[in-house]
Amino acid sequence: MCGIFGCIIKEGAAAPLIHQSLKRLEYRGYDSVGEATIHEGKLHIKKDSGKIDEVHKIRNLDDLPGNIGIGHTRWATHGAPLMVNAHPHVDCEGQIAVVHNGIVENFAELKLELEGKGHVFQSRTDTEVIAHLIEENLKNNPSLSLAEVVIETLRRIEGSYAIAVISPKEPDKIICARNESPLVVGLGENALYCASDIPAFLPLTNKAVIIEDGELVTLSLEGIEIRKIATSSLVMREPKIIDWTPEMAVKHGYPHFMLKEIHEQPVCLRNTLRLQEHYLDLMTTFLDRAREVFLVACGTSYHACLAASYMFSKLAFLVTYPVIASEFVEQHGKSVNIDSTILAVSQSGETADTLAAVNAARQRAATILGLTNVIGSTLTRVSRVYISQQSGPEIGVAATKTFTSQLAVLAQLALRLAKKRGKVSQDEMDFIEAKLKKLPEIVEAVVKNQEEKVKDIAKKYRDAKVFFFLGRGISTATAYEGRLKLMEIAYVPSIAFPAGESKHGPISLVEQGFPVIFICPKDETHKTVIGNIMEMKARGATIIAVIEEGDEEVKRLADDYVEIPKGVPDVLSPIPFVIPLQLLAYYMALERGYDPDKPRNLAKSVTVK
Ligand code: AGP
């Protein structure tokens, strides 16, 4: 997730305004920044890696001439956060500048095609192909306008984008367009703006035009023109008056980042499912030839590892050992060796316990693989191969969207490994891959259709003193994650363990009205979980169940339930089944008067051991 911005103003310099607007978009990405303006028929560009204030101090982002320009604050997905990879990106002649938020899925083939035509690339980003493709199309269609050429170009781009383009060839226009990545236009008195998000221009104007997928906009001081990229047909759209405060706007109207990020999960999952094949295949190769694989992480990331151990086992018949990072050296420090492979999972890529485990393993010549959300983090630097989950910055302290994205990456690895090892029939592979692609819609349906119900459940149980979270099989990982969320955000003492363990001790806690949350997908464990529900009910427990839609058997047994769309394969079930638990923690925190974004005693990234 990056932030793009563009403006054209009647009088004065565009650069300082771009700089201030990028600052308001910094929550969308902050590993590099850049601006481009047009003045006297020339492009002027400043960009570098680093946070906006750092780059401004070195390069003075305000010192660019011209009344029209674009800017970008980056969250790296393709190419490390280096100056060469910072946006704007330009064509060979330096006549077209592009900023982009999203993922060009077919950038590798486009890059090959363009290199074959003599284009020389500077960066390792997917975005740069857009600049060169516009250049190629402009060269082949000199009579077309910039807008028409950009339309031609976008018809060949697969994936998600919100782009802004300027060129001295039409120095009084900004061309912007979107597909899946957000884009809004601001209508000022003497200026026009385009941005990834409303906060960028809200202090300048509250008149906004929301741009829809597949639309291209031409901004000039005469006004805006919206066209459909597919047909070039004109689109008429009334501006909206935005009545958000700047604070609300940064949360896109949501009261808290945590809720915004829970709701963002479908978009994040779509981006995570656009991972670069090359890195997935490379990591699969390392996993396939490893003698032993440890999945090492902390907190929520550890729960993703726990779920992944079921995925790797059930799909690829690969035994993996999920290990809590702070215990890794004690548990396995002596046995790790050159034949060991460590897959470290860390959203921040900076968690001290995880890095300590990784360093201990490196010293014993183990192979290090990394799964993170932050390209350029320490974990990416110490990994032989790493994958970026592409979730965009997660501001809320509680991991939500990054958890489901981690699971989506791990599921793709398990599927590739299964294919490579020939352990699963083609039909089963096709079925699971098809379901994986549908997960964004499924998660969208859960958030949309079950949020109100979860809110009611939070209200009903707001005074409960403790909860059990129980599941079997892969749902054990979901149970652990639901428990962590409720503890860390709503401060409710909660206990999670495999449902089969109840009778080995914990059930002694159960008395009349004791709330037990069951994660109960209709998988192989369904029948046994029903037995566990009965044993809890027999002791007076109150049953709250997360079930598959229409599971009448559990509905009859549960006091409350939340439904997940049918047909999710067990290996993918933690992704939709965790959503109600994330929402429960959030609404329980509100019921208890706590700020879900700032839980006491916690930090977003635990960089101390
Ligand atoms: C999750 O809600 C917590 N914020 C915490 O457990 C977190 O998952 C853990 O500290 C690991 O962080 P990492 O993924 O950045 O390594």
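In this text the structure is predicted, and so the values were computed from the model without any measurement. What you see as residue numbers is a count from 1 along each chain, following the sequence as written. Local features are withheld for residues below a pLDDT of 70 in this predicted model, meaning they are given only at 70 or higher, and side-chain atom pairs are given and counted only at 80 or more; totals for whole chains, interfaces and linings count all residues. Water and hydrogen atoms were dropped before computing side-chain values, which therefore reflect all heavy atoms in the structure.

**Q** Help me understand unusual backbone geometry in this model?
**A** A negative phi angle characterises most non-glycine residues, just as the trans form characterises most peptide bonds. Geometrically, the link from His87 to Pro88 is a cis peptide bond, its omega value of 0 degrees lying close to zero. Put simply, DSSP marks the helices as runs of H or I at least four residues long and the strands as runs of E at least two long, and each gets a number from the N terminus on. On the secondary structure map, Pro88 appears in the loop between strand S4 (68-74) and strand S5 (89-90). Backbone geometry at Glu180 places phi at a positive 75 degrees, although glycine is not the residue there. The phi torsion at Ser232 lies on the positive side, around 65 degrees, for a residue other than glycine. When you line up the elements, Ser232 lands in the loop between strand S13 (223-228) and strand S14 (234-235). Under the relative-accessibility criterion, Ser232 is labelled partly exposed at 27%. Only protein chains enter the calculation, and the probe is 1.4 Å; a residue is then buried if its accessible area is under 20% of its type maximum, exposed if over 50%, and partly exposed in between.

**Q** Would you explain the packing of aromatic side chains in this entry?
**A** Aromatic rings considered in pairs are described by the distance between their centres and by the relative angle of their planes. The criterion for an aromatic pair is that two Phe, Tyr or Trp rings (for Trp, the six-membered ring) have centres within 6.5 Å, with stacked assigned to planes under 30 degrees apart, edge-to-face to planes over 60 apart and tilted to the rest. Scanning all chains against the criterion turns up eleven aromatic pairs. Judged by centre distance (5.0 Å) and plane angle (80 degrees), the ring pair of Phe468 and Phe497 falls under edge-to-face. Taken together, the residues Phe468 in strand S21 (residues 467-471) and Phe497 in strand S22 (residues 494-498) connect sequence positions 29 residues apart. Per residue, the accessibility class of Phe468 equals that of Phe497, and both read buried.

**Q** I tried to follow the site of the ligand on my own but got confused; where do I start?
**A** Around the ligand sit 15 residues in total, of which Ser301, Ser346, Ser348, Thr351 and Glu488 are the nearest. Between the ligand and the protein, one listed contact pairs an oxygen atom with a side-chain N or O atom of Thr351 at 2.5 Å. Two N or O atoms count as a polar contact when they lie within 3.5 Å, although within protein this holds only if one can serve as hydrogen donor and the other as acceptor, and sequence-adjacent residues are included solely when both atoms are side-chain atoms. Here an oxygen atom of the ligand and a side-chain polar atom of Lys485 are 2.9 Å apart. The Shrake-Rupley method, run with a 1.4 Å probe, gives the accessible areas here. Residue values count only the displayed protein chains as cover. Expressed as a share of its isolated accessible area of 410 Å², the protein-covered part of the ligand is 92%. Residues were grouped as follows: Ala, Val, Leu, Ile, Met, Phe, Trp, Tyr, Cys and Pro as nonpolar; Asp, Glu, Lys and Arg as charged; and all remaining residues, including Gly, as polar. Here the residues of the shell around the ligand are counted per class, giving six nonpolar, seven polar and two charged. Being near a molecule or strand, for a residue, comes down to having at least one heavy atom within 4 Å of it.

**Q** Even after reading the chapter, I still don't get the pattern of salt bridges, so can you show me in this structure?
**A** In a structure, side chains of opposite charge can pair up when their charged atoms sit close to one another. Here, a salt bridge means any side-chain nitrogen of Lys or Arg that lies within 4 Å of a carboxyl oxygen of Asp or Glu. One pass over the full model with this rule turns up 40 salt bridges. Between Lys117 and Glu113 there is a salt bridge whose closest N-O contact spans 3.3 Å. Owing to a relative accessible area of 26%, Glu113 belongs among the partly exposed residues under this scheme. Where salt bridges share partners, they join Lys459, Arg462, Asp463 and Glu591 into one cluster.

**Q** Help me understand the sheet that holds S22, please; the structure alone is not making it clear to me.
**A** Each strand in a sheet pairs with its neighbour through backbone hydrogen bonds, running either in the same direction (parallel) or in the opposite one (antiparallel). Strands were regarded as paired on the criterion that DSSP finds at least two bridges between them. A sheet is described by the order of its strands in space; here five strands give the open sequence S22-S21-S23-S24-S25, paired in parallel fashion. Sheet topology places S22 and strand S25 (560-564) at the edges, where each strand pairs with a single neighbour. For this sheet the average axis-to-axis angle between neighbouring strands, irrespective of direction, equals 15 degrees. Bridging between S21 and S22 involves five bridges; their strand directions are parallel. Counterpart to Phe467 in the pairing with S22 is Ser494. Contact definition: two residues touch when any of their heavy atoms are within 4.5 Å. Fitting a line to C-alpha atoms yields each axis, with helices limited to the stretch in contact; the angle taken between N-to-C directions then spans 0 to 180 degrees. Relative to S25, helix H15 (residues 426-460) is tilted by about 165 degrees, and along the sheet it contacts strand S24 (542-548) and S25. Sheet strands in contact with helix H16 (residues 475-490) are S21, S22 and strand S23 (515-520), and its direction is about 175 degrees off that of S22.

**Q** Could you clarify how one ought to interpret the environment of Ile241 in this entry?
**A** Looking at the secondary structure, you find Ile241 in strand S15 (residues 240-241). A relative accessible area of 56% places Ile241 in the exposed class. Expressed as a C-alpha distance, the spacing of Ile241 and Thr125, which sit 116 residues apart in the sequence, is 36 Å. Residue contacts for Ile241: discarding those within four places in its chain leaves Asn206 and Lys207.

**Q** Before we go on, may I ask you to explain the pairing of S13 in this structure?
**A** Walk down a regular strand and you will see the side chains alternate between the two sheet faces. Across six bridges, strand S12 (residues 215-220) lies against S13 in antiparallel orientation. Its bridge partner lying in S13, Ser220 is registered against Gly223. Here S12 hands over to S13 after two residues, the two strands then running antiparallel side by side. Relative to S14, S13 is paired through two bridges, and the arrangement is antiparallel. Following the sheet pairing, Arg227 is matched in S14 by Leu234. In this structure, the hairpin formed by S13 and S14 is closed by a connection of five residues, where Ser232 is found at a positive phi of approximately 65 degrees.

**Q** Help me understand the nonpolar core in this model?
**A** Across soluble globular proteins, nonpolar side chains have a tendency to be buried as a group. Judged by nonpolar contacts, the single largest core of 87 residues is most densely connected at Phe312, Leu343, Leu413, Phe467 and Leu486. In this view, Phe312 contacts Leu287, Leu295, Phe317, Leu318, Thr320, Leu410, Leu413, Ala414 and Leu417; residues no more than four positions away in its chain are not counted. Ranked by size, the runner-up nonpolar core spans 27 residues in total, among them Phe121, Ile130, Val149 and Ile151. Remark: nonpolar core denotes a set of buried residues (Ala, Val, Leu, Ile, Met, Phe, Trp, Tyr, Cys) joined through side-chain atoms within 4.5 Å.

**Q** Would you take a moment to explain the sheet that holds strand S19 (residues 367-372) for this structure?
**A** What the five strands build is an open sheet, ordered S17-S16-S18-S19-S20; its pairing is parallel. Edge strands, defined here as strands with exactly one partner in the open sheet, are strand S17 (320-324) and strand S20 (385-388). In this sheet, neighbouring strand axes are inclined to one another by 20 degrees on average, regardless of whether the strands run parallel or antiparallel. For S19 and S20, the ladder comprises four bridges, and the chain directions are parallel. Each residue of the ladder has a partner; that of Leu371, found in S20, is Ile387. Its contacts with the sheet place helix H9 (residues 277-289) against strand S16 (292-297), strand S18 (340-346), S19 and S20, and it is angled at close to 135 degrees to S20. Each of S18, S19 and S20 touches helix H14 (residues 401-421); the most contacted strand, S18, lies at about 150 degrees to it.

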